[in-house]
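These are the residues of each chain, in order.
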Amino acid sequence: MWHLPRVLGMTALCACLTISIVVADTPARLAGTLNTIAPDFMRTDLSGRPLQLNQFKGRVVLLNFWATWCGPCITEIPVFSRWQRRYGDAGLQVIGVSMDDDETAVKRFVAKHNISYPILMGDAKLGESFGGVFGLPQSFLIDARGRIVLRSVGEPNMEALRSQIEGLIRVH
Amino acid sequence: MKSLTNATVLSFCLGMGCPFGASGVGAETVAASSIPAADLLQPADLAATLKSNSTTRPLVLQIGFRKLFDEAHIVDAEYAGPSGESAGLAVLRKRVAKLPRDSAIVIYCGCCPWGHCPNIGAAFSALRALGFRNVKALYIADNFGTGWIEKGYPVTRGG
């Protein structure tokens, strides 16, 4: 009986260790997964304007990882541009993150195409913060509260994506 | 409709030289589908080889894009790309220049769906042109994430 406090102490210590292990593991394991808050980041877009993800809280964000060498990506871009024009006033913000190695190629591409939303250069660190961008295209749909509600890897069903965006815009 | 659009873009890129960006930097686009089926290697087979204690492991080269390699790559793979661009092909040629022509080489990319990959066909074609006969192209259907990492195959994270 006299050692009950020691047992309780040990139990509490084990519980604390378990909790700390879970907490330490959680951010990396859950990064970029559904129903988690999208990791904030700050970059400068190709126009030289600072851009922070959190500045768009209150809007629905479509965060699209792409590259000039990615065929399916360049098929999506004109559609996303149209959506930005059509739904921008209703609360949609598309952000393009290029995973090209060469910024010059991206600038050349953007200059040729009438892209209606900001483009910034991504890197491995930004990809990792979203759980890893190991192939393209890849998009995250983020609701007005900053929560990831869709992670699309590969070629998305554009009609379903548009429906989901329209639903989110109506809700918020 | 979606696949029609994608097919149209791909056909346009293959036929005209892709006008959209980096793939047009001085390199001829070679379709992934040009690689003979007998020269494709399935991810499960490479993973088994890498996990074995075999002393005759192939040289594994990632011939895609640097940022994707820096995020994660196959254990012991070396970066030698991107082969869809002239400068990347030069890196690949330099890396293999002194190797015996019977060396076992596995090339992979996984940047995007197989049929859209701008690198794998060019890398395979270049190695064959250099006289390498023991080259396999890792068949990654969709991308490196779903085709390799999510299957739990050996990976190194970070460049």
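Everything quoted here is computed from the prediction, not taken from an experiment. (Residues numbered from 1 in each chain as written. Chains lettered and ligands numbered in written order. Predicted model: local features only at pLDDT ≥ 70, side-chain atom pairs only at ≥ 80, totals over all residues. Heavy atoms only, no water.)

**Here's the deal with the overall build of chain B**
A tally of regular secondary structure across chain B gives six helices and seven strands. For chain B, the succession of helices and strands along the chain, N to C, is α-β-α-β-α-β-β-α-β-α-β-α-β. Across the 159 residues that make up chain B, the buried fraction comes to 50%. Put simply, 67% of the contacts in chain B that link residues at least 6 apart link residues at least 24 apart. Here chain B has roughly 7100 Å² of accessible surface; of this, 56% comes from carbon and sulfur atoms. (Helix = DSSP H or I, 4+ residues; strand = E, 2+ residues; numbered from the N terminus. Buried < 20%, exposed > 50% of the residue type's maximum accessible area, 1.4 Å probe, protein only. Contact = heavy atoms within 4.5 Å. Areas by Shrake-Rupley, 256 points an atom, 1.4 Å probe, with all protein chains shown as cover.)

**Topic: the overall build of chain A**
For chain A, the count of helices and strands is five helices and seven strands. Seen in sequence order, chain A has helices and strands lined up from the N terminus as α-β-β-β-α-β-α-β-α-β-β-α. Buried residues in chain A amount to 48% of all 172 residues. Taking the intrachain contacts of chain A between residues at least 6 apart in sequence as the baseline, contacts between residues at least 24 apart amount to 69%.

**What about helix α2 (residues 71–87) of chain A?**
With 17 residues, α2 of chain A should cover 24 Å at 1.5 Å per step; its first-to-last C-alpha distance of 25 Å lies within 8% of that length. Across the 17 residues of α2 of chain A, 13 count as buried, placing the element largely inside the fold. (Expected span 1.5 Å × (residues − 1).)

**Quick word on the nonpolar core**
Ranked by internal contacts, the top residues of the largest apolar core, which has 72 residues, are Leu63, Phe65, Trp83 and Phe130 of chain A together with Ile107 of chain B. Sort the elements by how many residues they give to this core and α2 of chain A lands first, with seven residues. Counting 17 residues, the second largest nonpolar core, distinct from the first, contains Val60, Ile74, Ala77 and Trp148 of chain B. (Core = buried A, V, L, I, M, F, W, Y, C linked by side-chain atoms within 4.5 Å.)

**Structural notes on unusual backbone geometry**
Between Leu136 of chain A and the following residue, Pro137 of chain A, the backbone shows a cis peptide bond with an omega angle of -5°. Tracing the sequence through the fold places Pro137 of chain A in the loop between α4 (124–129) and β6 (138–142). In this chain, Gly81 of chain B is followed by Pro82 of chain B through a cis amide linkage whose omega measures 0°. Looking at where Pro82 of chain B falls in the secondary structure, it is placed in the loop between β4 (78–79) and α4 (86–96). Residue Asn35 of chain A is not a glycine yet carries a positive backbone phi of 65°.

**Here's the deal with the environment of Arg101 of chain B**
Residue and element names in this part refer to chain B. Along the chain, the position of Arg101 falls in the loop between α4 and β5 (105–108). You can call Arg101 partly exposed: its relative accessible area is 35%. Expressed as a C-alpha distance, the spacing of Arg101 and Leu127, which sit 26 residues apart in the sequence, is 9.4 Å. Residues in contact with Arg101, not counting those within four places in the same chain, are Val96, Leu130, Gly131, Phe132 and Arg133. At 3.0 Å, the side chain of Arg101 and the backbone oxygen of Leu99 are in polar contact. (Polar contact = N/O pair within 3.5 Å; in protein donor to acceptor, adjacent residues only side chain to side chain.)

**So, α4 of chain B**
Residue and element names in this part refer to chain B. Those residues of α4 that fall on the buried side of the exposure criterion are Gly88, Leu89, Leu92 and Val96. Seen from one end, α4 has its buried residues packed into an arc of 100°, which puts them on one side. Exposed positions of α4 whose direction lies more than 90 degrees from the buried face are Ala87 and Lys94. (Arc of directions from axis to C-beta.)

**Here's the deal with the interface of chain A and chain B**
Listed by partner, the interface residues are 30 residues for chain A and 29 residues for chain B. At the boundary of chain A with chain B, total buried surface from both sides reaches about 2400 Å², with 59% on carbon and sulfur atoms. The largest contributions to the chain A side of the interface with chain B come from Trp69, Asp101 and Phe134 of chain A, which together make up 34% of the buried area. Put simply, chain A and chain B have zero salt bridges between them. Taken together, the links from chain A to chain B amount to eight residue pairs in polar contact (both at pLDDT 80 or more). Tallied by class, residues from the side of chain A that touches chain B come to 14 nonpolar, nine polar and seven charged. (Buried area = accessible area lost by both parts, 1.4 Å probe. Salt bridge = Lys/Arg side-chain N within 4 Å of Asp/Glu carboxyl O. Nonpolar A, V, L, I, M, F, W, Y, C, P; charged D, E, K, R; others polar.)

**Concerning the state of the cysteines**
Note on terminology: disulfide describes a covalent bond linking the sulfur atoms of two cysteines. The final tally for this structure, using the stated rule, is one disulfide over all chains. One disulfide in the model links Cys70 of chain A with Cys73 of chain A; its S-S distance is 2.2 Å. One disulfide, between Cys70 of chain A and Cys73 of chain A, carries an S-S torsion of 75° and so falls in the right-handed class. The closest cysteine sulfur to the non-disulfide-bonded Cys109 of chain B is located on Cys117 of chain B, 3.6 Å from its own sulfur. (Disulfide = S-S within 2.5 Å.)

**Description of the confidence of the model for chain A**
Atomic detail in the predicted coordinates should be set aside for any region of low pLDDT. When the pLDDT values of chain A are averaged, the result is 86; 81% of them are 70 or greater. A low-confidence stretch, residues 7–29 of chain A stays under pLDDT 50, and its non-local contacts, those more than four residues away or across chains, total zero contacts. (pLDDT = per-residue confidence, 0-100.)

**Comments concerning the side chain of Asn119 of chain B**
Considering the arrangement of structural elements, one finds Asn119 of chain B in the loop between β5 and α5 (120–129). Ignoring any residue separated from it by four or fewer positions in sequence, one finds Asn119 of chain B in contact with Ile63, Gly64, Phe65, Pro82, Ser83, Gly84, Cys109 and Cys111 of chain B.

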